[in-house]
Amino acid sequence: MTSSLPPLVQAFSGAIGSASANILTYPLDLVTTRVQLDPPDKSRTWRKEIHRASYLLRNITQRDGFSALYGGILTDTGAMVLSSFLYFYVYSFLRSLATKRLVPFRSSSRAGISPIHKPSMAEELVLGFIAGVLSRAVSTPLSMISLRLRAEETADKDSYEENEARPPRNSVVGAARSIYKEHGLIGFWRGFQTTVTLSLNPSITLAFFQLFRRLLALFERRSRFATKSNPFGQANPTPLQAFFGAAISNSITVCVLYPLILAKTRLQASSATSLQEVINDAYNGLDTYSHKHQEMRTSDAIVGISGLYRGLWVQLLKGILNQGVTFTVKGRIEEMIVNAYLYRRRCT
């Protein structure tokens, strides 16, 4: 992230990057939701999870055509753009205040000499968390509708009787009405308590990416990054470096927070009444989504800690592509804006 650029520029580039990544990875996001909602006797190993995801992709394509892989993408991308724009704007705005010492963070005695404060990793997490909560509070209703559409879209043939026709696809308005009918207005923010905790997801990812850039700057301090072409004095990763830096950062974050990611998806897609209920069901190998608590589990049921990490491998694959593309596109847009600014200065 080029933190010297204005918040509006960072918000715009972040939103475009997120939209590009979402369009690219949406089919994978679709099947990730389905794998997370699977009964406990499916998708035990990483090979089975990947095989299950590929089966769902083939099943949807054969049943409803290639366009079905992008069902509900407008709603989902809209939620992603709104959330990303608000997140990057609030984060960069708060960070600019912190660097100018207008946010009451404590500084070391050495740092107190300079009017410019470089936020620590802990401070980056706090700023990212605040930005994440505010952005998710606005975008959660759209995310709820998108999740409902994805869950219905990926319901495979096994969900219906042999001679039973597949129910017609729901529309955005229909999904919104269903949510309102089942849970009322508060249903659009269902699971928001978990969402608040998961606001650490982008903040941890961004903090690790900032750490990656600082380490990169240490290794390349005497290279082209210290030249006049880069007046900001920070290492700008190449597209490949940005992709892998963001992918690694996101993978670390997902592994830490995945039980909450799984619980949030299952809570929002089911009729469960609490986060504790869906976590207990996942831990005990019970099927929350189909509303049928199985009294007897098969020998293949995923139980214990493994049940809390059901669908992790597909989530990691999606996250690697999504975050890698997001930060790569965002970085290139910011670089284009900086180069355009420098070119204009040279011409005047």
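For clarity, every value in this text was computed on a predicted model and none was experimentally measured.

### Points about the pattern of salt bridges
Reasoning step 1: Going through the model one piece at a time under the given rule, you end up with seven salt bridges.
Reasoning step 2: Here Glu-124 ties to Arg-95 by a salt bridge, and the two come within 2.8 Å at their closest N and O atoms. Pair noted here: Glu-124 is in helix H4 (residues 121-153) and Arg-95 is in helix H3 (residues 73-99), with a separation of 29 residues, a long-range link.
Reasoning step 3: A relative accessible area of 2% means that Glu-124 is categorised as buried.
Reasoning step 4: In this structure Arg-95 comes out as buried when scored by relative accessible area, which is 8%.
Reasoning step 5: Across the pair Glu-124 and Arg-214 runs a salt bridge, and its minimum N-O distance is 3.3 Å. In this pair, Glu-124 is assigned in helix H4 and Arg-214 in helix H7 (residues 200-219), connecting sequence segments 90 residues apart.
Reasoning step 6: The class for Arg-214 is partly exposed, based on a relative accessible area of 26%.
Reasoning step 7: The structure contains a network of salt bridges with shared partners spanning Arg-95, Glu-124 and Arg-214.

### Concerning the confidence of the model for the chain
Reasoning step 1: Confidence in the prediction for the chain averages 78 pLDDT; 78% of positions are at 70 or higher.
Reasoning step 2: pLDDT under 50 marks residues 160-165. Its contacts with residues more than four places away, or in other chains, come to three contacts.
Reasoning step 3: Within the model, the stretch residues 225-233 combines pLDDT values under 50 with 14 contacts to residues more than four positions away or in other chains.

Parameters at a glance
Residues numbered from 1 in each chain as written. Predicted model: local features only at pLDDT ≥ 70, side-chain atom pairs only at ≥ 80, totals over all residues. Heavy atoms only, no water. Salt bridge = Lys/Arg side-chain N within 4 Å of Asp/Glu carboxyl O. Helix = DSSP H or I, 4+ residues; strand = E, 2+ residues; numbered from the N terminus. Buried < 20%, exposed > 50% of the residue type's maximum accessible area, 1.4 Å probe, protein only. pLDDT = per-residue confidence, 0-100. Contact = heavy atoms within 4.5 Å.

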